[in-house]
Amino acid sequence: MKALVISGGGSKGAFAGGVAQYLMETEKRDYDILVGTSTGSLLITQLALNNVGLLYDLYTNVTQRKIFSLNPFIVKRKDGREFVTINYFNVLLQFIKRKRTFGESKSLRNTIKKNFTKSDYNQIIENTTKDVVVTVSNLSKNRVEYKSIRDLSYEEFCDWIWISCNYIPFMSLVTKDGYEYGDGGLGCVLPIREAIERGATEVDAIILESENMDHNKVLGKNPFSLMLSIYGFVLDQIEYHDISEGVIYAQHKGVKLNLYYTPTKLTENSLVFNKKLMTKWWAQGFNYAEKKANQRKVASF
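Cut-offs and rules
- Residues numbered from 1 in each chain as written.
- Predicted model: local features only at pLDDT ≥ 70, side-chain atom pairs only at ≥ 80, totals over all residues.
- Heavy atoms only, no water.
- Buried < 20%, exposed > 50% of the residue type's maximum accessible area, 1.4 Å probe, protein only.
- Helix = DSSP H or I, 4+ residues; strand = E, 2+ residues; numbered from the N terminus.
- Pairing = 2+ DSSP bridges.
- Phe/Tyr/Trp six-rings, centres within 6.5 Å; stacked < 30°, edge-to-face > 60°.
- Lys NZ or Arg CZ within 6 Å of the ring centre and 35° of its normal.
- Salt bridge = Lys/Arg side-chain N within 4 Å of Asp/Glu carboxyl O.
- Polar contact = N/O pair within 3.5 Å; in protein donor to acceptor, adjacent residues only side chain to side chain.
- Contact = heavy atoms within 4.5 Å.
- Axes fitted to C-alpha atoms, helices over the stretch in contact; angles between N-to-C directions.
- Parallel < 35°, antiparallel > 145°, perpendicular 65-115°, else oblique.
- Left-handed = near helix turned anticlockwise from the far one by under 90°.
- Core = buried A, V, L, I, M, F, W, Y, C linked by side-chain atoms within 4.5 Å.
- Nonpolar A, V, L, I, M, F, W, Y, C, P; charged D, E, K, R; others polar.

K.L.:
Please explain helix H2 (residues 39-48) as it appears in this structure.
P.N.:
Across the ten residues of H2, nine count as buried, placing the element largely inside the fold. Those residues of H2 that sit buried are Thr39, Gly40, Ser41, Leu43, Ile44, Thr45, Gln46, Leu47 and Ala48. Positive phi appears at Asn50, one or two residues downstream of H2, with a value of about 60°.

Okay, structure coming up:
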């Protein structure tokens, strides 16, 4: 059984889309299991339907308004790069409402339902045997949970996709089934082990981070952006752990594991959605996967 695993990474999901397009359209890989975290959870639903074209349109046209119903950021540009500052009015509004997060992402829930319909859900359930699994963090129980489309109604599954993407404390904290949940990446950025435990014998894992951190990270110049930088550091450490655990577990189980990293650092802030950059990243992902496949073919001779 073949599995596709896609890590969290916000706007960097465009790169994963390009890699997946090459693997599925050129290499003709058909996946039985698709497991995603955060932006990976958004990608795998459309990939399970082979809707690569729709996915491309989504990831190259997404805006902040399609994600945030109350945006805690103001995106500014200086010297050719983008950075974020606090939207003081919106954050203050959250404090006045006694909310525990700086922003709200209910617009993302609407975007998910608009682009992943009940008909799409039925097509996966009724016309395929694919298992589509999203990763969430149960903050009340302090544990990671995996939610399969096979166990859930359409509305429930849309909720879990949304919850998997909610980057706390900048996006919505969701109460469901009596527990509070947030972004799956807070507990598991790259769920390779989960794919193997669900029966995968070969795994393609797309990692939305460069393999070697050979550059100096630019830390935030205000408390808000500094918090984002610190969160990024923490998630990087979780990701490294997930990769190491996945490699060891795959070796133990005799599973073939193919890792696809971003060749360079794509962005300092994956919550900034820039159409031009995301279009470029999609093309980079496709070209990177093609180059990796050609290198593999040469090495086999």
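K.L.:
Sorry if this is basic, but what is going on with the pairing of strand S10 (residues 256-262) here?
P.N.:
On a regular strand, one side chain projects to one face of the sheet and the next to the other, so that they alternate. Among the seven residues of S10, five are classified as buried, and the element is accordingly described as predominantly covered. Note: strand S9 (residues 202-210) against S10, seven bridges, orientation parallel. Counted as the bridge partner of Ile207 is Tyr261 from S10.

K.L.:
When you look at the packing of aromatic side chains in this model, what are you seeing that I'm missing?
P.N.:
One pair of aromatic rings is described through two measures. These are the centre distance and the angle between the planes. Taken as a whole and assessed by the stated rule, the structure comprises twelve aromatic pairs. These aromatic residues form a ring-pair network of at least three members: Phe68, Phe73, Phe95, Phe102, Tyr167 and Phe170. Cation over ring: Arg193 sits above Tyr249, and NZ or CZ is 4.0 Å from the ring centre.

K.L.:
Can you help me understand the pattern of salt bridges in this one?
P.N.:
Opposite charge on two side chains permits them to pair, given that their charged atoms come into close proximity. Within this structure, the stated rule accounts for 16 salt bridges. Between Glu155 and Lys113 there is a salt bridge whose closest N-O contact spans 2.7 Å. Placement of Glu155 in helix H7 (residues 154-165) and of Lys113 in helix H5 (residues 106-115) is noted, with a sequence separation of 42 residues between them. A relative accessible area of 38% places Glu155 in the partly exposed class. For Lys113, a relative accessible area of 30% translates into the label partly exposed.

K.L.:
So what exactly am I meant to see when it comes to the side chain of Asp131 here?
P.N.:
Note on placement: Asp131 falls in strand S5 (residues 131-138). For Asp131, the side chain forms a polar contact with the side chain of Ser148, separated by 2.5 Å. In this structure the side chain of Asp131 is engaged in a polar contact, spanning 3.1 Å, whose partner is the side chain of Arg198. For Asp131, the residues in contact, after removing those within four places along its chain, are Asp32, Ile33, Leu34, Ser148, Arg150 and Arg198.

K.L.:
Teacher, can you tell me more about the packing of H2 against helix H3 (residues 52-59) here?
P.N.:
When two helices pack together, you describe them by how their axes are tilted relative to each other and by the distance separating the axes. Put simply, H2 and H3 touch, their axes get as near as 8 Å, and they point 150° apart. For the element pair H2 / H3, the angle class is roughly antiparallel. Once H2 is placed against H3, the crossing between them reads as right-handed. Seen from H2, the contacting residues are Thr39, Leu42, Leu43, Gln46 and Leu47; seen from H3, they are Val52, Leu54, Leu55 and Tyr59.

K.L.:
Sorry, what's going on with the nonpolar core here?
P.N.:
The tendency in soluble globular proteins is for nonpolar side chains to be buried as a group. Judged by nonpolar contacts, the single largest core of 87 residues is most densely connected at Leu47, Phe116 and Ile206. Other than its neighbours up to four places away in sequence, Leu47 contacts Leu4, Ile6, Ala20, Met24, Leu34, Val52 and Leu55.

K.L.:
Explain the packing of H2 against H7 here, please?
P.N.:
At a closest axis distance of 7 Å, the pairing of H2 and H7 adopts a crossing angle of 145°. Mapping the contact onto sequence places Thr39, Ser41, Leu42 and Thr45 in H2 and Phe157, Ile161, Ser164 and Cys165 in H7. Partitioning the contact of H2 with H7 into residue classes produces four nonpolar, four polar and no charged.

K.L.:
Before we go on, may I ask you to explain unusual backbone geometry in this structure?
P.N.:
Note: most residues except glycine have negative phi, and most peptide bonds are trans. Note that the residue after Ile168, namely Pro169, is joined by a cis bond; omega there is 5°. Tracing the chain through its elements places Pro169 in the loop between H7 and strand S7 (174-176). Even without being glycine, Asn50 reaches a positive phi, approximately 60°. If you trace the backbone, Asn50 turns up in the loop between H2 and H3. Despite not being glycine, Asp177 has its phi angle at roughly 55°, a positive value. For Asp177, the location among the structural elements is in the loop between S7 and strand S8 (179-183).

Function cannot be read off these values alone, since they describe shape.
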